[in-house]
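# Residue-level structural notes
Single-letter residue listing:
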Amino acid sequence: MAPERTSGDLRTAGIGRGLPVPVYVDGKEVQAFEGETVLAVLWASGDHTLHTTARTREPRGFFCGIGVCFDCLVTIDGIVNLRACLEPVRVGMKIKRQQDPGYTHAR
Amino acid sequence: MSAAVAAAESGAHVIVLDEYAKPGGQFFKRTGDGFSVAPESLTREHARGEELRGKLNHPNITMLTRALVWGRFDDRVMVAHEGCSKSVYGKALVIATGAYDRPVAFPGWTLPGVLTAGGAQTLAKSQWVKPGRRMLLAGAGPFLLPVALSLLRADVSIAALVEATRPNEWLPHLGSLWGQWPRFSEAWEYKANLRRAGVPTLYGHKIVRALGEEKVEGAVIAKVDNEWRAIPGSERTIEVDAIAMGYGFLANIELAASSGCELRFDERARTWFVMCTPTMATNKPGIFVAGEITGIGGSALALEEGRIAGLSAAEFAGMLTARAADEQRGQPIWQRAHLDRFASALNVLFGPRPGLWEFLTDDMTVCRCEEVKAKEIAACIANGATTTKSIKDWTRAGMGLCEGRICRGMVGEILARDRDVALGSIPFPSVRPPIKPVPFSTLLQDDSQSESIAS
């Protein structure tokens, strides 16, 4: 059976979500929901590269999902190397995918 | 949670420091605030988790969440909380830092979309986001079953569940699994769910490659022999957009280790745990442990150990007489022994086998944080390195943000293989605070308020 190639949200349908929380992802306004982590918002969008590594510019998404592996690094409100899987969304949060090591590119 | 409740009910003042936003660890992880989910979609664990969390409202318990314990100095525990570093004093300390999925490298494993089974489950279960539209689940052991169910509930299509062991290998262990009927019926229920959803289970297979350029686009699986080595020529490609792998767990023993607690190497699990007595005491007076850090054993066992540890901590702090503590510990100690038998049997059956490490060669990325390849580590060993630490000093493997949690086990396997020594003979590297990265800005915001527990 061929997998669906439709674009669109990876959020599971039919689940009641919290209040809408507008955030910014790489400068664009995006609809998130109360109680979501930054990882959930980024992953749901289908763009799964959260950062690229310092040495080989390899794309990385997330690996352990529970705050242990430090693979899901993003820049939030100017602070670099935060774990997207642990950060809850807040209204107006500015999320940026980062190029490692992060601090040379955070603005 | 169970340790806190046991200690609080014995009269002790308890401070609980939980790194996550809500207590409950991985097993009792709950959906984020704001979600409303139909009751049928919630598991029975959710109800038990909520019940335990309710008990944390005990007047003797102070709960700090998003509180990272980054070290311990003498009898003070250092906590990063709300941008400040605080020191917390307690007469006794219970460490229950849990476990994480064992990382196993294979070609393509750093691609976005290759996840751990636990990570896939967490995203699906607590955030209701699909890790992938069509997924492959690969690994060994019963944990894959509840993960599969969480994914199905989140409307993920599972192309296949790939289990490294074969059913005929389970038969010799049926004796040790006797008396564990609830576990069997649970497993049966999980499997029935998979059958209903039309998910094929392939025994005696494993993942050998993740395909894709910028993200996962497919998976290659292969048949394995009894040592989990891939059998050449048996490869098959499956179209998926995410791969979740579950090959058991490693314990978060760093806090205990850096506090001076003695560790023990488990031969079959091929990893280190914290040594403890039947009353959950460590070799350090006043430090007690519970849960997966004493041995991977599941939530029921962790709850019993927590109860024992909470009682022992309260006894140590003078809130319970030895007699009262012994009386109350009796039942959970017995339960623990019973549950431990099952955990040990699972360990023997589903523990890692040599073929799991067959990809740790050449250009395979071993240290994800610092992007160190297997060949760099091998060269270091060929030049005389004999410890994990010297490999870290030379190659930077283990020097990144995760502080070696992901690569340490595999670096050990490479060392054991290339030097032809037992894995257990390679000492667990010394752990120094901070046991997880803490921003300098947090350290500089020193909050000299210190709180005591146990009056």
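Residues numbered from 1 in each chain as written. Chains lettered and ligands numbered in written order. Predicted model: local features only at pLDDT ≥ 70, side-chain atom pairs only at ≥ 80, totals over all residues.

### Looking at the overall build of chain A
Operational definition: Secondary structure elements follow DSSP: runs of H or I of four or more residues count as helices, runs of E of two or more count as strands, with numbering from the N terminus. Residue burial here comes from a neighbour count, namely the number of other C-beta atoms, placed from the backbone, that lie within 10 Å of the residue's own C-beta, with 20 or more meaning buried, 12 or fewer meaning exposed, and in between meaning partly exposed. In this description, any two residues whose backbone-derived C-beta atoms lie within 7 Å of each other are considered to be in contact.
The helix and strand inventory of chain A stands at one helix and seven strands. Going from the N terminus to the C terminus, chain A shows its helices and strands as β-β-α-β-β-β-β-β. Relative to its full complement of 107 residues, chain A shows a buried share of 44%. For chain A, restricting intrachain contacts to residue pairs at least 6 apart in sequence, the fraction spanning at least 24 positions comes to 43%.

### Focus: the interface of chain A and chain B
Selection criterion: Under the convention adopted here, Pro, Cys and the residues Ala, Val, Leu, Ile, Met, Phe, Trp and Tyr are nonpolar, Asp, Glu, Lys and Arg are charged, and Gly plus all remaining residues are polar.
Between chain A and chain B, the contact holds 40 residues from the first and 39 residues from the second. Elements represented by at least two residues in the side of chain A that touches chain B include exactly helix 1 (38-44) and strand 4 (59-60) of chain A. Ranked by residues supplied to the side of chain A that touches chain B, first place goes to helix 1 of chain A with three residues. Looking at the side of chain A that touches chain B, its residues break down into 18 nonpolar, 13 polar and nine charged.

### Looking at the nonpolar core
All names here are of chain B. Keep this limit in mind: Think of a nonpolar core as buried Ala, Val, Leu, Ile, Met, Phe, Trp, Tyr and Cys residues chained together by C-beta atoms that fall within 7 Å.
Core analysis: the biggest nonpolar cluster contains 165 residues, and Met135, Leu137, Ile243, Val289 and Val366 have the highest contact counts within it. It is helix 8 (residues 299-316) that contributes the most residues to this core, nine residues altogether. With residues up to four places along the chain from it excluded, the contact list for Val289 reads Ile95, Ala96, Ala256, Val274, Cys276, Met280, Thr282, Thr294 and Ala309.

### A look at the sheet that holds strand 12 (residues 205-211) of chain B
All names here are of chain B. Heads up, the condition is: We call two strands paired when DSSP finds no fewer than two bridges between them. Throughout, an axis means a line fitted to C-alpha atoms (over the contacting stretch in the case of helices), and angles, computed between N-to-C directions, take values from 0 to 180 degrees.
Taking strand neighbours across the sheet as the criterion, the three strands line up as 12-13-14 in an open arrangement whose pairing is antiparallel. With one partner strand each, in any of the chains shown, strand 12 and strand 14 (236-238) form the two edges of the open sheet. Recorded for the sheet is a direction-independent mean angle of 30° between the axes of neighbouring strands. Relative to strand 14, strand 13 (residues 218-223) runs antiparallel, the two being bridged by three bridges.

### A short note on the packing of helix 1 (residues 2-9) of chain B against helix 8 of chain B
Residues and elements named next belong to chain B. Test applied: Less than a right angle of anticlockwise turn of the near helix away from the far helix marks a crossing as left-handed, whereas a clockwise turn marks it as right-handed.
Helix 8 packs onto helix 1 with a crossing angle of 35° between their chain directions and a minimal axis gap of 7 Å. The chirality of how helix 1 crosses helix 8 is right-handed. The segment helix 1 lies against helix 8, with Ser2, Ala3, Ala4, Val5, Ala6 and Ala7 engaging Leu303, Gly306, Arg307, Ala309, Gly310, Leu311, Ala313 and Ala314. Residues that form the contact of helix 1 with helix 8 fall into these classes: ten nonpolar, three polar and one charged.

### Considering the packing of helix 10 (residues 374-382) of chain B against helix 11 (residues 388-395) of chain B
Residue and element names in this part refer to chain B. Orientation of helix 10 relative to helix 11, taken along the N-to-C sense of each, is 115°, at an axis distance of 10 Å. Read as a crossing pair, helix 10 and helix 11 show a hand that is right-handed. Contacts between helix 10 and helix 11 involve Glu376, Ile377 and Cys380 from the first element and Ile391, Trp394 and Thr395 from the second. Each residue belonging to the contact of helix 10 with helix 11 can be placed in one class, and the counts come to four nonpolar, one polar and one charged.

### Thoughts on helix 9 (residues 322-350) of chain B
Residues and elements named next belong to chain B. Using the following cut-off: Expected helix span is given by 1.5 Å per residue-to-residue step, counting one fewer step than there are residues. Fitting axes to the seven residues ending at a residue and to the seven starting there, one defines the bend at that residue as the angle between these axes.
Spanning 29 residues, helix 9 covers 39 Å between terminal C-alpha atoms, matching the ideal 42 Å at 1.5 Å per step. Considering bend angle alone, the principal kink of helix 9 is centred on Gly330 and spans about 40°; proline Pro332 follows within four residues of it. Listed in full, the buried residues belonging to helix 9 are Ala325, Gln328, Arg329, Pro332, Arg336, Leu339, Phe342, Leu346 and Phe350.

The values reported here are purely geometric and, on their own, carry no functional implication.
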